[in-house]
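Fold and geometry: a report
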Amino acid sequence: MEETIFSKIIRKEIPADIVYQDDLVTAFRDINPQAPTHILIIPNKLIPTAADVEVEDEAALGRMFTVARKIAEKEGVAEDGYRLLVNCKEHGHQEVMHLHMHLFGGKPLGRMLSA
Ligand code: 5GP
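Just so it is clear, the structure is predicted and the values come from calculations on it, not from any experiment.

With 18 residues, helix H2 (residues 58-75) extends 26 Å from end C-alpha to end C-alpha; this agrees with the ideal 26 Å at 1.5 Å per step. Taken as a whole, H2 has its buried residues at Ala60, Met64, Val67, Ala68, Ile71 and Ala72. Buried residues in H2, looked at end-on, bunch into an arc of 140°, giving them a common side. Those residues of H2 that are exposed and aimed more than 90 degrees away from the buried face are Glu58 and Phe65. Next to the buried residues of H2 lie strand S1 (18-21), strand S2 (25-29), strand S3 (37-43), strand S4 (82-85) and strand S5 (101-105). Positive backbone phi, approximately 80°, marks Gly76, located one or two places after H2.

This is how it looks when you write it as structure tokens:
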């Protein structure tokens, strides 16, 4: 399993706008935002893709959702709604092989998929 730049962000070895961190997850602003609010929520443990999750990862995966909820409230997007998205591997267009949940919000996001 090869580390990605996200492991360096978790360890604060490279700069990132970290909005939340605890023992299980880290959340930071995407470097190339696709919406007014675009935050990545990741497990601190290196899980490369959604296809690699194990039962032992359930605590971290559950934490990702509760942290997403809290961040959405703090960002002021909870009332109007937002999108949580996990891309998986090549057909899912996953670019960074460290599992991450995108939180998009702050504008109407349109339909789920584009061609
Ligand atoms: P994916 O396509 O893998 O689901 O999304 C990867 C996301 O990570 C992209 O939205 C990209 O902009 C973001 N990203 C890639 N490298 C960095 C980085 O070094 N810092 C931050 N903050 N975001 C990054």
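There is more to say after this.
Taken together, 17 residues sit near the ligand, with Asp30, Asn87, Glu95, His100 and His102 positioned nearest. A distance of 3.3 Å is found between a nitrogen atom of the ligand and a backbone nitrogen or oxygen belonging to Ile31. Contact between the ligand and Glu95: an oxygen atom at 2.6 Å from a main-chain N or O atom of the residue. Here the ligand has 530 Å² of accessible area as a free molecule, and 84% of this is covered by the chains. Applying the majority rule of atoms within 2 Å of the grid points places the ligand in the largest pocket. Counting residues per element, the shell around the ligand draws most heavily on helix H1 (residues 5-10), at three residues. In the shell around the ligand, the residues fall into seven nonpolar, seven polar and three charged.

The rules behind the values
- For every chain, the first residue of the written sequence is number 1, and numbering continues from 1 onward in sequence order.
- Per-residue local features of the predicted model are confined to residues with pLDDT of at least 70, and side-chain atom pairs are confined, for both listing and counting, to 80 or more; whole-chain, interface and lining totals are unaffected and use all residues.
- Hydrogens and waters are ignored; side-chain quantities use all the structure's heavy atoms.
- Secondary structure counts use DSSP, requiring at least four H or I residues in a row for a helix and at least two E residues in a row for a strand, with both numbered from the N terminus.
- An expected span of 1.5 Å times one less than the residue number is assigned to each helix.
- For every residue, the accessible area obtained with a 1.4 Å probe (protein chains only) is divided by the maximum for its type, and the residue is called buried under 20%, exposed over 50%, and partly exposed between those limits.
- Read the arc as the range of directions from the helix axis to the C-beta atoms.
- Pairs of residues are marked as contacts when any of their non-hydrogen atoms sit within 4.5 Å.
- It suffices for a single heavy atom of a residue to lie within 4 Å of a molecule or strand for the residue to be listed as near it.
- Polar contacts, as used here, are pairs of N or O atoms within 3.5 Å; protein pairs need one atom able to donate a hydrogen and one able to accept it. Residues neighboring in sequence count only if both atoms are side-chain atoms.
- For every accessible area listed, the method is Shrake-Rupley and the probe measures 1.4 Å; residues are considered covered only by the protein chains on display.
- Cavity means a closed set of points on a 1 Å grid over the protein atoms alone, one where a 1.4 Å probe fits but cannot get out, pocket means an open set with protein on both sides within 12 Å along at least 5 of 7 lines, and lining means a residue has an atom within 4 Å of a point.
- Any molecule with more than half of its atoms within 2 Å of a cavity's or pocket's grid points is regarded as sitting in that cavity or pocket.
- Under this grouping Gly is polar, as are all residues other than the nonpolar Ala, Val, Leu, Ile, Met, Phe, Trp, Tyr, Cys and Pro and the charged Asp, Glu, Lys and Arg.

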